[in-house]
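# Notes for the structure review
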Amino acid sequence: MSAARPLLAALERIGQSFPQTPLVPLEHDRLDLFAKLEFANPNASSKDRSAFWILKSAIERGDVGEGATIVESSSGNFALSLATLSRALGLSFVPVIDPNVNASTEAYLRALCDRVEKVSERDGTGGYLANRLARVAELRTQLPAAYWPNQYANPDALLAHYRLTGGELCRELRRLDYVFVGVSTGGTISGLSLRVKEAFPNARVVAVDAAGSAIFGSSPCRRLIPGIGSSIVPPLVGHALIDDVVIVSEEEAIAGCHRLLHRHGIYAGGSTGSVYAAIERYFAGSRGRRPTVAFLCADRGAAYADTVYDRAWVANAFPGAFPDGPADPERELVGSSV
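Keep in mind it's a predicted model, so treat the numbers as computed, not measured. Just so you know, the residues in each chain are numbered from 1, in the order the chain's sequence is written. Only residues with pLDDT of at least 70 are given local features in this predicted model, and only at 80 or more are side-chain atom pairs given and counted; all residues enter the totals for whole chains, interfaces and linings. The basis for the side-chain values is all heavy atoms of the structure; hydrogens and waters are excluded.

UniProt positions are given in the numbering used here, feature names are shortened, and annotations may be inferred rather than shown by experiment. The positions UniProt marks with the feature "domain: Tryptophan synthase beta chain-like PALP" (unreviewed entry) are residues 19–297. Secondary structure content for residues 19–297 is 40% helix and 17% strand, while the C-alpha to C-alpha distance between its ends is 15 Å. Helix numbers and strand numbers start at the N terminus; a helix is a DSSP run of H or I with at least 4 residues, a strand a run of E with at least 2.

As structure tokens, this is what we get:
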């Protein structure tokens, strides 16, 4: 433990800079709707929580020490968080990414990391995850003192969102009827659902997944927007307390991003657009008592400026997504009407 003290001291100083992320009310005609702005974290995503807690726990256990090399598969945000934390701690970090990673994210990783591994061949599902994980396994045998955080199965990722994200949300709300959470590696929904069910036993946890994701039993297929969904069933999902599942297409996710921006001024990433679209569909036509609904804005939209928020990219990737007609932000995208 003594050898880990300098790393733990540095990590504690970093942890003190983490804010309590804002919970803001959004105007809605049928819901008391609250958005928890996880993009207010230091590296602009909810993955700061899990990256911090995983490294903290690994250092405390002695799994990571001076001279260690962190190696991980990530579609973007977790890699950004690990890259920044590793650099601050004087540790090496090798991210394993794929062509779906946003251009700005890749540029940042290449600027911050001495080595970036990019998998270019699709696996049998049409995605890249299996090949990314295979490359991680190879690197673990080649790199000195390699440590794999394994965000898909590491219970410390669950604890991060149980203690931090979930703890904050439950302290701030007096009532909660529904919480909507996008699912990818499973750490966020597992930790958050466990904490929510303790504080609000009658609250319903709604998992939001991408069409073409295998998490809830569908056949995996090619997807273009990172940050939500998976071509495997992450072990952490098995710990989550889930009441309902909503599957959202990528076209709906894009429309959700644009509606969230134009209605509420929130410039969020693709997974948040998926969650917002799921909420709108879930409560379409509802009447009566206004439920209290919360959701996470997992990351900012800046990394998606040249994809989700770029009309030319959307038109090329999803032909017909922009029908002819006036550029009305409420109707411009297919699927944008509630």
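Glancing now at the packing of aromatic side chains. In summary, the pairing rule links any two rings of Phe, Tyr or Trp, Trp by its six-membered ring, whose centres are within 6.5 Å, and it sorts them by plane angle into stacked for under 30 degrees, edge-to-face for over 60 and tilted for everything else. The full count for this structure, using the stated rule, is nine aromatic pairs. Ring plane angle 55° and centroid distance 5.9 Å describe the contact between Phe180 and Phe283, whose orientation is recorded as tilted. Taken together, the residues span a long stretch of sequence, with Phe180 in strand S7 (residues 178–182) and Phe283 in the loop between helix H9 (270–282) and strand S10 (292–297) at a distance of 103 residues. Each ring, one from Tyr276 and one from Phe295, has its centre 6.3 Å from the other, and the planes form 45°; the classification is tilted. Residue Tyr276 is found in helix H9, and its partner Phe295 is found in strand S10; the two are separated by 19 residues along the sequence. Each of the two residues, Tyr276 as well as Phe295, counts as buried. Cluster of aromatic residues (ring-pair linked, three or more members): Tyr178, Phe180, Tyr282 and Phe283. Between the NZ or CZ atom of Lys56 and the centre of the ring of Trp53, over which it lies, the distance is 4.7 Å. The criterion for a charge sitting over a ring is simple: Lys NZ or Arg CZ within 6 Å of the ring centre, and within 35 degrees of the ring normal. Here Arg195 stacks its cationic end above the ring of Tyr162, 4.9 Å away from the centre of that ring. When accessible area is computed with a 1.4 Å probe and restricted to protein chains, residues below 20% of their type maximum are described as buried, those above 50% as exposed, and intermediate ones as partly exposed.

For the chain, per-residue confidence averages 92 on the pLDDT scale, and 94% of positions sit at 70 or higher. The predictor's confidence in any single residue is recorded as pLDDT, a number from 0 to 100. Throughout, a residue-residue contact means that at least one pair of heavy atoms, one from each residue, lies within 4.5 Å. Confidence drops under a pLDDT of 50 for residues 324–329, and excluding neighbours within four residues, the segment shows two contacts in the predicted structure. Contacts of residues 334–338 to residues separated by more than four positions or lying in other chains number 17 contacts, the stretch itself having pLDDT below 50.

Within the secondary structure layout, Ser230 lies in the loop between strand S8 (204–210) and strand S9 (244–248). When sequence neighbours within four positions are dropped, the list of residues in contact with Ser230 reads Leu129, Ser184, Ser213, Ala214, Ile215 and Arg223.

Looking now at the packing of helix H8 (residues 250–264) against H9. In this description, a line fitted to the C-alpha atoms serves as the axis of each element, helices being fitted only across the stretch in contact, and the angle between N-to-C directions of two axes falls anywhere from 0 to 180 degrees. Here H8 crosses H9 at 85°, and the two axes come no closer than 7 Å. With respect to each other, H8 and H9 are oriented roughly perpendicular. Of the residues in H9, those in contact with Glu252, Ala253, Gly256, Cys257, Arg259, Leu260, Arg263 and His264 of H8 are Gly270, Thr272, Gly273, Ser274, Tyr276, Ala277, Glu280 and Arg281. By the definition adopted for this analysis, an angle is roughly parallel if under 35 degrees, roughly antiparallel if over 145, roughly perpendicular if from 65 to 115, and oblique otherwise.

Turning our eyes to something else, we now look at the environment of Pro25. Along the chain, Pro25 turns up in strand S1 (residues 23–26). A sequence separation of 156 residues divides Pro25 from Val181, and the C-alpha atoms of the two residues are 17 Å apart. Here Pro25 is in contact with Leu33 and Phe34, once residues within four sequence places are set aside.

Before going further, it helps to examine the packing of helix H1 (residues 5–15) against helix H3 (residues 77–89). Packed helix pairs are characterised by how far apart their axes lie and by the angle those axes make with each other. At a minimum axis distance of 10 Å, the contact between H1 and H3 shows a crossing angle of 130°. Viewed along their axes, H1 and H3 adopt a mutual orientation that is oblique. The two elements H1 and H3 cross, and the hand of that crossing is right-handed. Residues Leu7, Ala10, Leu11 and Ile14 of H1 form the contact with H3, whose own contacting residues are Leu85, Ala88 and Leu89. Residues are grouped as follows: nonpolar covers Ala, Val, Leu, Ile, Met, Phe, Trp, Tyr, Cys and Pro; charged covers Asp, Glu, Lys and Arg; every other residue, Gly included, is treated as polar. A breakdown of the residues in the contact of H1 with H3 according to their chemical character gives seven nonpolar, no polar and no charged. Less than a right angle of anticlockwise turn of the near helix away from the far helix marks a crossing as left-handed, whereas a clockwise turn marks it as right-handed.

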